[in-house]
Amino acid sequence: MPQKSVSVLTPTPEHLERAAAALRAARLVGMPTETVYGMAGDALNPAALAGIFEIKRRPFFDPLIVHIERLDDLDPLVRARPEGADLLMKTFWPGPLTLVLPKSDRVPDLATAGLDTVAVRMPAHPVARALLRAAGRPLAAPSANPFGFLSPTTAAHVADAFSDDETGLLDCVLDGGACEVGVESTVVGWEDGAPVLLRAGGVPLEALEAALGRPLGVPAPRVGSPHCPVASPGALPWHYAPRTPLRLVESPHDGADRDDAARAGLLWFGSDPAPAGYAVVENLSPKGDLREAAANLFAALHRLDGRGLARLDAHLVPESGLGRAINERVRKAAAKDAG
Ligand code: TXA
Ligand code: MG
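Calculation criteria
Residues numbered from 1 in each chain as written. Chains lettered and ligands numbered in written order. Predicted model: local features only at pLDDT ≥ 70, side-chain atom pairs only at ≥ 80, totals over all residues. Heavy atoms only, no water. Domains from an automatic or database assignment. Buried area = accessible area lost by both parts, 1.4 Å probe. Salt bridge = Lys/Arg side-chain N within 4 Å of Asp/Glu carboxyl O. Nonpolar A, V, L, I, M, F, W, Y, C, P; charged D, E, K, R; others polar. 1 Å grid on protein atoms, 1.4 Å probe; cavity = no way out; pocket = protein on both sides within 12 Å on 5 of 7 lines; lining within 4 Å. Points joined across faces, edges and corners; volume = space filled by probe spheres on them. Helix = DSSP H or I, 4+ residues; strand = E, 2+ residues; numbered from the N terminus. Buried < 20%, exposed > 50% of the residue type's maximum accessible area, 1.4 Å probe, protein only. Pairing = 2+ DSSP bridges. Core = buried A, V, L, I, M, F, W, Y, C linked by side-chain atoms within 4.5 Å.

A look at the domain arrangement of the protein chain
On domain assignment, one finds that the protein chain holds domain 1 (8-212) and domain 2 (246-338). Both sides together, the interface formed by domain 1 and domain 2 hides about 1500 Å², and carbon and sulfur atoms give 61% of it. Broken down residue by residue, the surface that domain 1 buries against domain 2 is led by Leu150, Val183 and Ala200, which jointly contribute 36%. Remark: the boundary between domain 1 and domain 2 carries two salt bridges. For Arg329, the salt bridge identified is with Glu184, shortest N-O distance 2.7 Å. Its residues assigned to classes, the side of domain 1 that touches domain 2 shows ten nonpolar, six polar and four charged.

The structure is reproduced here in C-alpha coordinates:
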(Lines give C-alpha, C1' and ligand atoms only; values in the text may rest on other atoms or scores of the structure.)
(Ligands and ions follow the chains in the order given, each with its own letter.)
Protein backbone atom coordinates (compact mmCIF):
# COMPACT_ATOMS: atom_id res chain seq x y z
CA MET A 1 0.00 0.00 0.00
CA PRO A 2 1.44 3.44 -0.82
CA GLN A 3 2.55 5.41 2.22
CA LYS A 4 0.15 8.28 2.75
CA SER A 5 1.64 11.44 4.09
CA VAL A 6 0.20 14.25 6.11
CA SER A 7 0.57 17.80 4.72
CA VAL A 8 2.56 19.97 7.09
CA LEU A 9 2.03 23.59 6.10
CA THR A 10 3.64 26.85 7.15
CA PRO A 11 0.91 29.13 8.54
CA THR A 12 0.78 31.64 5.67
CA PRO A 13 -2.52 33.51 5.16
CA GLU A 14 -3.31 31.17 2.23
CA HIS A 15 -2.67 28.04 4.28
CA LEU A 16 -4.68 29.41 7.21
CA GLU A 17 -7.57 30.03 4.83
CA ARG A 18 -7.28 26.49 3.42
CA ALA A 19 -7.26 25.06 6.95
CA ALA A 20 -10.24 27.20 7.95
CA ALA A 21 -12.18 26.04 4.89
CA ALA A 22 -11.40 22.41 5.79
CA LEU A 23 -12.68 23.03 9.32
CA ARG A 24 -15.89 24.58 8.01
CA ALA A 25 -16.33 21.42 5.91
CA ALA A 26 -16.12 19.24 9.07
CA ARG A 27 -12.55 18.12 8.35
CA LEU A 28 -9.72 18.21 10.90
CA VAL A 29 -6.55 20.29 11.22
CA GLY A 30 -3.42 19.81 13.33
CA MET A 31 -3.30 23.06 15.30
CA PRO A 32 -0.25 24.31 17.19
CA THR A 33 -0.92 25.70 20.64
CA GLU A 34 1.49 26.85 23.35
CA THR A 35 0.89 23.60 25.29
CA VAL A 36 0.75 20.73 22.76
CA TYR A 37 -0.56 20.34 19.20
CA GLY A 38 -4.32 19.82 19.00
CA MET A 39 -6.47 17.82 16.58
CA ALA A 40 -8.93 20.61 15.80
CA GLY A 41 -12.46 20.33 14.46
CA ASP A 42 -15.62 22.47 14.45
CA ALA A 43 -16.82 22.33 18.06
CA LEU A 44 -20.44 22.96 17.07
CA ASN A 45 -20.62 20.33 14.30
CA PRO A 46 -21.30 16.78 15.54
CA ALA A 47 -19.87 15.30 12.32
CA ALA A 48 -16.54 17.02 12.93
CA LEU A 49 -16.59 15.97 16.58
CA ALA A 50 -17.24 12.35 15.63
CA GLY A 51 -14.24 12.59 13.29
CA ILE A 52 -11.99 13.69 16.15
CA PHE A 53 -12.96 10.64 18.20
CA GLU A 54 -12.56 8.37 15.18
CA ILE A 55 -9.13 9.53 14.06
CA LYS A 56 -7.74 9.44 17.64
CA ARG A 57 -9.53 6.18 18.50
CA ARG A 58 -10.64 8.05 21.58
CA PRO A 59 -13.43 6.60 23.73
CA PHE A 60 -16.61 8.64 23.57
CA PHE A 61 -16.70 9.01 27.36
CA ASP A 62 -13.66 11.32 27.24
CA PRO A 63 -14.89 14.89 26.57
CA LEU A 64 -13.05 17.48 24.48
CA ILE A 65 -11.72 20.97 25.18
CA VAL A 66 -13.37 23.77 23.19
CA HIS A 67 -11.00 26.56 22.13
CA ILE A 68 -12.11 30.16 21.68
CA GLU A 69 -10.35 33.26 20.40
CA ARG A 70 -12.07 36.01 22.41
CA LEU A 71 -14.05 36.29 25.64
CA ASP A 72 -17.17 37.18 23.62
CA ASP A 73 -17.00 33.70 22.10
CA LEU A 74 -17.61 32.18 25.55
CA ASP A 75 -21.14 33.45 26.16
CA PRO A 76 -22.92 31.23 23.61
CA LEU A 77 -21.18 28.14 25.05
CA VAL A 78 -21.91 28.43 28.77
CA ARG A 79 -24.93 28.92 31.04
CA ALA A 80 -23.10 30.36 34.02
CA ARG A 81 -19.72 31.32 35.37
CA PRO A 82 -19.07 29.93 38.84
CA GLU A 83 -17.41 32.15 41.43
CA GLY A 84 -13.76 32.72 40.60
CA ALA A 85 -14.14 31.83 36.92
CA ASP A 86 -13.94 35.43 35.72
CA LEU A 87 -10.90 36.09 37.86
CA LEU A 88 -9.13 33.02 36.45
CA MET A 89 -10.00 34.01 32.88
CA LYS A 90 -8.77 37.56 33.46
CA THR A 91 -5.53 36.34 35.02
CA PHE A 92 -4.60 33.38 32.83
CA TRP A 93 -6.33 33.77 29.42
CA PRO A 94 -5.09 33.56 26.80
CA GLY A 95 -2.91 30.74 28.13
CA PRO A 96 -2.61 27.15 29.32
CA LEU A 97 -5.72 27.03 31.54
CA THR A 98 -8.95 25.15 30.80
CA LEU A 99 -12.12 25.87 32.76
CA VAL A 100 -14.95 23.34 33.05
CA LEU A 101 -18.17 25.39 33.05
CA PRO A 102 -21.95 24.67 32.91
CA LYS A 103 -22.67 24.13 29.22
CA SER A 104 -25.33 25.74 27.03
CA ASP A 105 -27.55 23.87 24.59
CA ARG A 106 -25.42 25.09 21.69
CA VAL A 107 -22.61 22.69 22.61
CA PRO A 108 -23.21 19.22 21.13
CA ASP A 109 -23.28 16.33 23.61
CA LEU A 110 -20.49 14.66 21.67
CA ALA A 111 -18.10 17.43 22.71
CA THR A 112 -18.85 16.94 26.38
CA ALA A 113 -19.45 13.17 26.44
CA GLY A 114 -22.97 13.84 27.65
CA LEU A 115 -21.80 15.83 30.67
CA ASP A 116 -23.59 18.98 31.75
CA THR A 117 -20.33 20.93 31.59
CA VAL A 118 -18.01 22.05 28.81
CA ALA A 119 -14.24 22.53 29.03
CA VAL A 120 -13.15 25.84 27.48
CA ARG A 121 -9.74 27.32 26.84
CA MET A 122 -8.42 30.43 25.13
CA PRO A 123 -5.02 29.53 23.67
CA ALA A 124 -2.18 32.06 23.44
CA HIS A 125 -0.36 30.64 20.41
CA PRO A 126 -0.63 33.12 17.53
CA VAL A 127 -1.28 30.38 14.95
CA ALA A 128 -4.08 28.87 17.04
CA ARG A 129 -5.60 32.31 17.42
CA ALA A 130 -5.28 33.06 13.69
CA LEU A 131 -6.92 29.72 12.85
CA LEU A 132 -9.80 30.35 15.28
CA ARG A 133 -10.32 33.75 13.72
CA ALA A 134 -10.20 32.41 10.16
CA ALA A 135 -12.54 29.51 10.95
CA GLY A 136 -14.96 31.87 12.70
CA ARG A 137 -16.14 29.25 15.17
CA PRO A 138 -14.98 27.55 18.35
CA LEU A 139 -12.71 24.58 17.75
CA ALA A 140 -12.70 21.38 19.75
CA ALA A 141 -9.15 20.11 20.03
CA PRO A 142 -7.80 17.25 22.07
CA SER A 143 -4.08 16.62 21.90
CA ALA A 144 -3.22 15.38 18.39
CA ASN A 145 -2.04 11.90 19.36
CA PRO A 146 -3.68 8.49 19.18
CA PHE A 147 -5.60 8.01 22.45
CA GLY A 148 -3.39 7.21 25.43
CA PHE A 149 -0.07 7.80 23.73
CA LEU A 150 2.53 10.58 23.90
CA SER A 151 1.30 14.08 23.21
CA PRO A 152 2.79 15.97 20.23
CA THR A 153 4.87 19.11 20.73
CA THR A 154 5.99 19.53 17.10
CA ALA A 155 4.21 19.35 13.74
CA ALA A 156 6.40 16.36 12.84
CA HIS A 157 5.10 14.46 15.90
CA VAL A 158 1.56 14.89 14.56
CA ALA A 159 2.48 13.94 11.00
CA ASP A 160 4.30 10.81 12.22
CA ALA A 161 1.51 9.75 14.54
CA PHE A 162 -1.08 9.89 11.75
CA SER A 163 1.07 8.84 8.76
CA ASP A 164 -0.86 5.59 8.41
CA ASP A 165 -4.24 7.12 9.19
CA GLU A 166 -6.97 5.48 7.15
CA THR A 167 -9.82 7.87 7.89
CA GLY A 168 -8.61 10.63 5.53
CA LEU A 169 -10.12 13.19 7.92
CA LEU A 170 -6.94 15.17 8.63
CA ASP A 171 -6.60 17.96 6.06
CA CYS A 172 -3.24 19.31 7.20
CA VAL A 173 -1.04 20.22 10.14
CA LEU A 174 -0.09 23.87 10.56
CA ASP A 175 3.53 24.17 11.64
CA GLY A 176 3.76 26.57 14.55
CA GLY A 177 7.16 25.40 15.76
CA ALA A 178 7.91 23.56 19.00
CA CYS A 179 5.35 24.18 21.76
CA GLU A 180 6.71 26.60 24.36
CA VAL A 181 4.93 25.20 27.42
CA GLY A 182 5.13 21.55 26.39
CA VAL A 183 2.56 20.05 28.78
CA GLU A 184 -1.22 20.27 28.40
CA SER A 185 -3.32 22.98 30.00
CA THR A 186 -4.26 22.88 33.65
CA VAL A 187 -7.93 21.85 33.99
CA VAL A 188 -10.04 23.48 36.71
CA GLY A 189 -13.67 22.60 37.46
CA TRP A 190 -16.15 23.46 40.22
CA GLU A 191 -17.74 21.17 42.79
CA ASP A 192 -20.37 22.56 45.17
CA GLY A 193 -19.33 26.03 44.04
CA ALA A 194 -15.66 25.54 44.91
CA PRO A 195 -12.86 25.30 42.34
CA VAL A 196 -11.08 21.93 42.07
CA LEU A 197 -7.96 20.88 40.16
CA LEU A 198 -8.92 18.25 37.56
CA ARG A 199 -5.55 18.04 35.79
CA ALA A 200 -2.15 19.54 36.60
CA GLY A 201 -0.76 21.41 33.60
CA GLY A 202 0.84 24.51 32.17
CA VAL A 203 -0.42 26.92 34.83
CA PRO A 204 1.14 25.86 38.15
CA LEU A 205 -1.19 25.14 41.07
CA GLU A 206 0.64 27.77 43.13
CA ALA A 207 -0.23 30.47 40.57
CA LEU A 208 -3.92 29.51 40.57
CA GLU A 209 -4.10 29.53 44.35
CA ALA A 210 -2.31 32.87 44.53
CA ALA A 211 -4.80 34.39 42.09
CA LEU A 212 -7.84 32.94 43.87
CA GLY A 213 -6.49 33.59 47.36
CA ARG A 214 -7.60 30.11 48.44
CA PRO A 215 -6.44 26.53 48.05
CA LEU A 216 -7.89 24.49 45.20
CA GLY A 217 -9.89 21.41 46.13
CA VAL A 218 -9.38 17.84 45.04
CA PRO A 219 -12.25 16.39 42.97
CA ALA A 220 -14.51 13.85 44.64
CA PRO A 221 -14.27 10.37 43.13
CA ARG A 222 -17.22 9.61 40.86
CA VAL A 223 -17.68 5.93 41.37
CA GLY A 224 -20.35 4.51 39.11
CA SER A 225 -20.82 7.63 36.98
CA PRO A 226 -22.80 6.67 33.89
CA HIS A 227 -20.35 8.54 31.69
CA CYS A 228 -16.99 7.97 33.11
CA PRO A 229 -15.15 6.22 35.91
CA VAL A 230 -13.36 9.37 37.10
CA ALA A 231 -14.22 13.04 37.64
CA SER A 232 -12.16 14.21 34.67
CA PRO A 233 -11.81 11.46 32.12
CA GLY A 234 -8.25 12.50 31.33
CA ALA A 235 -7.53 11.44 34.90
CA LEU A 236 -7.61 7.80 33.85
CA PRO A 237 -4.74 6.04 35.60
CA TRP A 238 -2.68 5.55 32.46
CA HIS A 239 -2.15 8.05 29.68
CA TYR A 240 0.62 9.86 27.84
CA ALA A 241 2.52 6.62 27.38
CA PRO A 242 5.42 5.80 25.07
CA ARG A 243 5.33 2.40 23.34
CA THR A 244 8.55 1.34 25.05
CA PRO A 245 7.88 0.07 28.60
CA LEU A 246 8.63 2.84 31.08
CA ARG A 247 9.09 2.53 34.83
CA LEU A 248 9.76 4.94 37.63
CA VAL A 249 13.01 4.53 39.48
CA GLU A 250 13.63 5.98 42.90
CA SER A 251 17.33 6.13 43.56
CA PRO A 252 19.73 7.39 40.88
CA HIS A 253 21.57 4.16 40.23
CA ASP A 254 18.64 1.79 40.53
CA GLY A 255 18.36 0.30 37.05
CA ALA A 256 21.68 1.43 35.63
CA ASP A 257 23.32 -1.75 36.84
CA ARG A 258 20.76 -4.16 35.40
CA ASP A 259 21.87 -6.63 32.73
CA ASP A 260 19.76 -4.93 30.08
CA ALA A 261 20.92 -1.37 30.91
CA ALA A 262 22.85 -1.21 27.64
CA ARG A 263 19.49 -1.44 25.85
CA ALA A 264 17.73 0.98 28.18
CA GLY A 265 17.10 4.70 28.06
CA LEU A 266 17.01 7.16 30.94
CA LEU A 267 14.89 10.26 31.48
CA TRP A 268 16.97 12.50 33.73
CA PHE A 269 16.75 16.02 35.18
CA GLY A 270 19.19 18.50 36.66
CA SER A 271 22.89 19.08 36.98
CA ASP A 272 23.88 15.85 38.76
CA PRO A 273 25.70 13.51 36.38
CA ALA A 274 23.39 10.77 35.08
CA PRO A 275 24.30 7.22 36.13
CA ALA A 276 26.52 5.43 33.63
CA GLY A 277 25.43 2.32 31.77
CA TYR A 278 22.39 3.56 29.84
CA ALA A 279 22.39 3.45 26.04
CA VAL A 280 20.69 6.86 25.83
CA VAL A 281 20.12 9.63 28.37
CA GLU A 282 17.69 12.50 27.86
CA ASN A 283 18.18 15.31 30.37
CA LEU A 284 15.01 17.43 30.52
CA SER A 285 16.92 20.42 31.87
CA PRO A 286 20.61 20.17 32.76
CA LYS A 287 20.29 23.46 34.66
CA GLY A 288 17.36 22.15 36.69
CA ASP A 289 14.72 24.52 35.31
CA LEU A 290 11.21 23.02 35.53
CA ARG A 291 9.85 25.29 32.80
CA GLU A 292 12.51 24.10 30.39
CA ALA A 293 11.88 20.51 31.50
CA ALA A 294 8.15 20.78 30.76
CA ALA A 295 8.88 22.17 27.31
CA ASN A 296 11.22 19.24 26.60
CA LEU A 297 9.21 16.42 28.19
CA PHE A 298 7.22 15.00 25.29
CA ALA A 299 9.93 15.59 22.67
CA ALA A 300 12.41 13.72 24.91
CA LEU A 301 9.97 10.84 25.37
CA HIS A 302 9.28 10.74 21.60
CA ARG A 303 13.04 10.56 20.93
CA LEU A 304 13.57 7.81 23.51
CA ASP A 305 10.58 5.92 22.12
CA GLY A 306 12.06 6.07 18.61
CA ARG A 307 15.33 4.40 19.59
CA GLY A 308 14.06 0.82 19.71
CA LEU A 309 15.12 0.40 23.33
CA ALA A 310 14.04 -2.47 25.56
CA ARG A 311 12.91 -0.24 28.40
CA LEU A 312 12.93 3.30 29.76
CA ASP A 313 13.73 4.41 33.29
CA ALA A 314 12.38 7.72 34.52
CA HIS A 315 12.95 9.83 37.61
CA LEU A 316 10.45 12.25 39.05
CA VAL A 317 11.30 15.96 39.20
CA PRO A 318 10.65 18.28 42.19
CA GLU A 319 6.88 18.36 42.90
CA SER A 320 6.43 22.13 42.64
CA GLY A 321 5.43 24.58 39.90
CA LEU A 322 5.40 22.82 36.54
CA GLY A 323 7.02 19.80 38.23
CA ARG A 324 3.54 18.66 39.27
CA ALA A 325 2.38 18.52 35.64
CA ILE A 326 5.58 16.75 34.56
CA ASN A 327 5.33 14.15 37.33
CA GLU A 328 1.65 13.50 36.66
CA ARG A 329 2.51 12.60 33.06
CA VAL A 330 5.56 10.50 33.95
CA ARG A 331 3.58 8.57 36.59
CA LYS A 332 0.83 7.84 34.09
CA ALA A 333 3.29 6.74 31.44
CA ALA A 334 4.68 4.29 34.01
CA ALA A 335 1.23 3.17 35.17
CA LYS A 336 0.41 1.84 31.71
CA ASP A 337 3.02 -0.88 32.12
CA ALA A 338 2.40 -1.46 35.77
CA GLY A 339 -1.35 -1.88 35.27
O1 TXA B 1 -3.40 21.96 26.44
C2 TXA B 1 -4.43 21.35 26.20
O3 TXA B 1 -5.38 21.32 26.98
C4 TXA B 1 -4.51 20.61 24.85
C5 TXA B 1 -4.46 21.64 23.74
C6 TXA B 1 -4.65 21.04 22.37
O7 TXA B 1 -5.38 22.64 23.99
N8 TXA B 1 -5.68 19.80 24.78
C9 TXA B 1 -5.82 18.68 25.52
O10 TXA B 1 -7.00 18.01 25.29
O11 TXA B 1 -5.02 18.30 26.33
P12 TXA B 1 -7.26 16.52 25.80
O13 TXA B 1 -8.51 16.11 25.12
O14 TXA B 1 -6.07 15.70 25.57
O15 TXA B 1 -7.57 16.69 27.31
C16 TXA B 1 -8.82 17.23 27.75
C17 TXA B 1 -8.95 17.08 29.23
C18 TXA B 1 -9.19 15.64 29.59
O19 TXA B 1 -8.53 15.38 30.81
C20 TXA B 1 -10.70 15.61 29.76
O21 TXA B 1 -11.11 14.57 30.54
C22 TXA B 1 -10.93 16.95 30.41
O23 TXA B 1 -10.06 17.82 29.72
N24 TXA B 1 -12.32 17.42 30.23
C25 TXA B 1 -12.90 17.87 29.10
N26 TXA B 1 -14.19 18.19 29.31
C27 TXA B 1 -14.45 17.93 30.61
C28 TXA B 1 -15.61 18.06 31.44
N29 TXA B 1 -16.77 18.50 30.95
N30 TXA B 1 -15.49 17.69 32.74
C31 TXA B 1 -14.31 17.26 33.23
N32 TXA B 1 -13.19 17.12 32.50
C33 TXA B 1 -13.25 17.45 31.21
MG1 MG C 1 -4.50 14.20 25.55
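Picking up after the structure, the text goes on.
Things to note about the layout of surface pockets
If you add up the space inside the second largest pocket, you get close to 440 Å³. Lining the second largest pocket are 21 residues, and of these Pro146, Asp160, Ala161, Phe162 and Arg243 sit closest to its centre. Of all the secondary structure elements, the ones that give two or more residues to the lining of the second largest pocket are helix H2 (46-56), helix H6 (155-161) and helix H8 (290-305). Here the lining of the second largest pocket takes three residues from H6, the largest share from any one element.

Considering the pattern of salt bridges
In this structure the tally under the stated criterion is 21 salt bridges. When the shortest N-O distance is used, the salt bridge between Arg79 and Asp116 registers 3.0 Å. Pair noted here: Arg79 is in the loop between strand S4 (65-67) and helix H3 (85-92) and Asp116 is in the loop between helix H4 (109-112) and strand S6 (117-121), with a separation of 37 residues, a long-range link. For the pair Arg79 and Asp116, one class covers both residues: exposed.

Considering the pairing of strand S5 (residues 97-102)
With respect to burial, S5 is a largely interior element, six of its six residues being buried. The sheet contact formed by S5 and strand S9 (residues 186-191) spans three bridges and is parallel. Note on S9: the bridge partner recorded for Leu97 is Thr186.

Observations regarding the nonpolar core
Formed by 46 residues in total, the largest nonpolar core has its most connected members in Leu88, Trp93, Leu97, Leu99 and Leu208. For this core, the elements supplying multiple residues, two or more each, are H2, H3, S5, S6, H6, strand S8 (170-174), S9 and helix H7 (205-212). Core analysis: the second largest hydrophobic core is formed by 29 residues, Ala200, Tyr240, Leu301 and Ala334 among them.

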